[in-house]
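Notes for the structure review
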Amino acid sequence: MKKVAIKRQWVNAHRQLFRCSVCQAPIKGVFENSLVCEQGHAIDFNKHGYLYFLNNGNGTDYDRTMFESRRRMLNAGLFLPMLEQINAELPDESQTILDVGTGEGTPLAQLGDLRGQQDAAIGFDISKAGIQLATQLSGNLFFCVADLRRLPFADESFDQVMELFSPSDYREFNRILKPGGQLLKIIPNANYLIELRHLLYELNDQHAAYDNTPVVERFKQHYKDARIIPIQYQFEIPAGLQGDLVEMSPLHWGRNAKKLNESDLSSLKQVTVDVSLLIGKKV
């Protein structure tokens, strides 16, 4: 069976998770190559097997090269301890999981591997380049292009929302979370990739330091009983992947970022992963 046919079957079996991106009506089902709502609006499946839910041409600075670099680094295990901690916070039974800003999908696939592919998991991103790469992944997964501010998912349809280094829309998250559902959000701490940061910027540059206090405080405003779990480890960079670490991170986008040469890259043997897992529960 072709990949697009498999994805059509997956969406039809889980159509209760979706809603129409045009009128917000419930989904009637998948008919031929289209997802159709109860009001008759139809969205066609792309040839890669994903759905495109954007109603306008929103863009992103992330391109395929960046996502390919990200996949190589994540396949080498860069995010794996974070995902193991997230997995430890999930119930043993199967869950409906949404990955916000999934990029090329590797974190969601790795979480699925940790959990035995028992969950119904959806990842979305605004980038077509990322989602096209994500469709290459196997597992009980579906990927789509969608807008964080206007999610094409039904009210109270997800047990868990996972978000790694992505923007938030807490009102939308609370709309789609079931009562008692959780938001699990990874944010960088001050020493996240500090070795790379110091290679790229002079110590007096604004990009040389980072303070996550505003992000944490805003999260606490929305989730009064929020829990914060610090995660820190050293990651040994496999030989030849130093350039991929630089490419996958927006750290090198700053106006005063240094153009790293081979000597700079060869000095980057390991990096500090210093993040916090913020956990909020919908009451």
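So, here is what we can say about the structure in this document. (Residues numbered from 1 in each chain as written. Predicted model: local features only at pLDDT ≥ 70, side-chain atom pairs only at ≥ 80, totals over all residues. Heavy atoms only, no water.)

1. Describing the overall build of the protein chain
Along the protein chain, the regular secondary structure elements total ten helices and eleven strands. For 283 residues, the compact-globule estimate of 2.2 N^0.38 gives 19 Å, and the protein chain sits close to it at 19 Å. By its C-alpha atoms, the protein chain is 60 × 40 × 35 Å across when sized along the principal axes. In the protein chain, buried positions account for 54% of the 283 residues. Sequence separation of 24 or more characterises 68% of the internal contacts of the protein chain that already satisfy a separation of 6 or more. Total accessible area computed for the protein chain in this model is approximately 13,200 Å², and 47% of it derives from carbon and sulfur atoms. Side chains of the protein chain carry 31 positive and 34 negative charges; the gap between the two charge centres is 6 Å. (Helix = DSSP H or I, 4+ residues; strand = E, 2+ residues; numbered from the N terminus. Rg over C-alpha atoms; globule rule 2.2 N^0.38 Å. Buried < 20%, exposed > 50% of the residue type's maximum accessible area, 1.4 Å probe, protein only. Contact = heavy atoms within 4.5 Å. Areas by Shrake-Rupley, 256 points an atom, 1.4 Å probe, with all protein chains shown as cover. Lys, Arg positive; Asp, Glu negative; His and termini not counted. Charge placed at Lys NZ, Arg CZ, Asp CG, Glu CD.)

2. Points about the pairing of strand β6 (residues 120–125)
Consecutive residues of a regular strand have side chains that alternate between opposite faces of the sheet. Counting buried positions along β6 yields six of six residues, so the element is predominantly enclosed. Taking every second residue as pointing to the same face, both faces of β6 are buried, with Ala120, Ile122 and Phe124 on one and Ala121, Gly123 and Asp125 on the other. Bridging between β6 and strand β7 (residues 141–145) involves five bridges; their strand directions are parallel. Paired with Asp125 across the bridge in β7 is Val145. (Pairing = 2+ DSSP bridges.)

3. Concerning the sheet that holds strand β2 (residues 34–37)
Taken in spatial order, the three strands of this open sheet run β1-β2-β3, and their pairing is antiparallel. The open sheet has two edge strands, β1 (27–31) and β3 (42–44), and neither has a second partner. On average, adjacent strands in this sheet sit at an angle of 20° to one another, irrespective of strand direction. (Axes fitted to C-alpha atoms, helices over the stretch in contact; angles between N-to-C directions.)

Keep in mind these numbers describe shape, not what the thing actually does.
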